[in-house]
Amino acid sequence: MAKILHVEDNPANRMLIRQVLELEGHTVVEAVDGPGGVEAAQREMPDLILMDINIPGMDGYETTTRLKSMAGLENVPVIALTAKAMAGDRERALTAGCDGYISKPVDIDLLPDQLAEFLGGRRETVTTEQEKRYLREYNVRLVDRLDQKIKELTEANRKLAHTDAMKSRFINLAAHELRTPLAAAQGYLSMLATPGSKFMASADPTTQEILHGVISSVDRLQGIVQDMLDVTRIEAGTLQLKQSPVNLDRLLKKIAAEFAPTVAQRQQTFQVADAGHIPSLWADGERVLQILRNLVSNAVKYTPNGGQIKIDVEITGVEGRRAQQFVKITVSDTGVGIPAEEQELIFETFHEVRRIEHHSTSKTGFMGGGAGLGLPIARGVAEAHGGSLWVESPGYNPKTCPGSIFHLILPLGDTPTN
Ligand code: MN
């Protein structure tokens, strides 16, 4: 009794062969196309493979050639099944690596004995002369197909690039269109909220509270619109940096102060190293703050209440550059961590680790979501400085909380580093 893999796209044929072979006591495994057949053969290690020649994807000849080159499958007999019945089909099949040939429609009374022979060691052969001729024909056909596939891929790539450009244009346009009315709303709101304004004087505490809620929502919306603009600028390589000597210690103290209320609320400890000994950065200070805010708010978000967040700094070299020209800032946390397969993806535009329906609206609540723009922007800004940003984490585990470490490299100096 044998395990037989049947590669066939026609369901009725699969059903018929399965019934015949199972009646004989064989085990039947099926695949519906070439790539599926290769995958099933590797997984199942069958004793014999029945290969329909006319299948989608790779045809039966190509699939057989592939199978015969795979470890452990070289000696598994492959029997071609073909309905085309053209002169030379048998030779074509054998040249491609098949060990036998059965024409369709299959005679189900003969099939069990035919397969028993192949299982017993029978192998059909072609003469060297025939093999030469059909090998040449096979090569020409493969090159034709390759040529066709390359053309298709090139065209598909062109379409993707076009779609991607359209997406960027749309985001850019939407952000620009939203910016104007938002700025007007912010202006009116700040007029209302000015201490001592007529409105504030006449408003009861509930109304004032509502007003502040509206203001913070509009501010947040403004932040999202700004992120959308940043993303399109980074993608287009048009992000403008205003670089000058920047005191890192001052930036870090600012971040520590900004996040103090949030970490207190989450009962987290936030330890920020002294950077007084670090020379000036050659950087856009506002943009560096943007990166740090992003990293720290992520750390807060993905670390449970009571956890620890830490910023460390050290002077470092970068491969291919003069030593001591860069600073490495690390933001580490005792949070849920990041699975290995996500550690690069999180820096891709619009990639969010969790699905959108799980997003909470909170910016700092545990596991709160976002548009997935923060880290791509942070990396884009770091790279625009000639620096880099990446993450290390032992993996994702909300129970043991292995944590994450974000590494940010930025250039030092009071002139551009070259
Ligand atoms: Mn077919």
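Below, the structure is looked at part by part. Keep in mind that this is a model prediction, so the values were computed, not measured.

Here we come to the nonpolar core. In this structure, L248, L281, V327, I329 and F406 are the most contacted members of the largest nonpolar core, which totals 56 residues. If you tally residues by element for this core, the top one is helix α10 (residues 285–301), at eight residues. Taken domain by domain, this core gets at least three of its residues from each of domain 2 (164–236) and domain 3 (244–411). Every residue in contact with F406, bar those within four places of it in the chain, is listed here: L295, I329, T330, V331, I338, I346, F347, L375, L389, W390 and V391. Counting 25 residues, the second-largest nonpolar core is a separate cluster that includes V38, A40, C98 and V126.

Moving on, we come to the sheet that holds strand β4 (residues 78–82). Pairing in this open sheet of five strands is parallel, and the strands run β2-β1-β3-β4-β5 from one edge to the other. Each edge of the open sheet is held by one strand with a lone partner, namely β2 (27–31) and β5 (100–103). Across the sheet, the axes of successive neighbouring strands diverge by a mean angle of 20°, strand direction being ignored. Across four bridges, the pairing between strand β3 (residues 48–52) and β4 is parallel. Bridge pairing in β4 places I49 opposite V78. Lying over the sheet, helix α1 (residues 11–23) contacts β1 (3–7), β2 and β3, oriented at roughly 165° with respect to β2.

Next up on the list: the pattern of salt bridges. For the structure on display, the rule yields 32 salt bridges. Here R141 and D59 are joined by a salt bridge, their closest N and O atoms 3.8 Å apart. Taken together, the residues span a long stretch of sequence, with R141 in helix α6 (residues 128–193) and D59 in the loop between β3 and α3 (60–68) at a distance of 82 residues. Under the relative-accessibility criterion, D59 is labelled buried at 17%. A salt bridge links D230 to R287; its shortest N-O distance comes to 2.9 Å.

The rules we used
- Residues numbered from 1 in each chain as written.
- Predicted model: local features only at pLDDT ≥ 70, side-chain atom pairs only at ≥ 80, totals over all residues.
- Heavy atoms only, no water.
- Core = buried A, V, L, I, M, F, W, Y, C linked by side-chain atoms within 4.5 Å.
- Buried < 20%, exposed > 50% of the residue type's maximum accessible area, 1.4 Å probe, protein only.
- Helix = DSSP H or I, 4+ residues; strand = E, 2+ residues; numbered from the N terminus.
- Domains from an automatic or database assignment.
- Contact = heavy atoms within 4.5 Å.
- Pairing = 2+ DSSP bridges.
- Axes fitted to C-alpha atoms, helices over the stretch in contact; angles between N-to-C directions.
- Salt bridge = Lys/Arg side-chain N within 4 Å of Asp/Glu carboxyl O.

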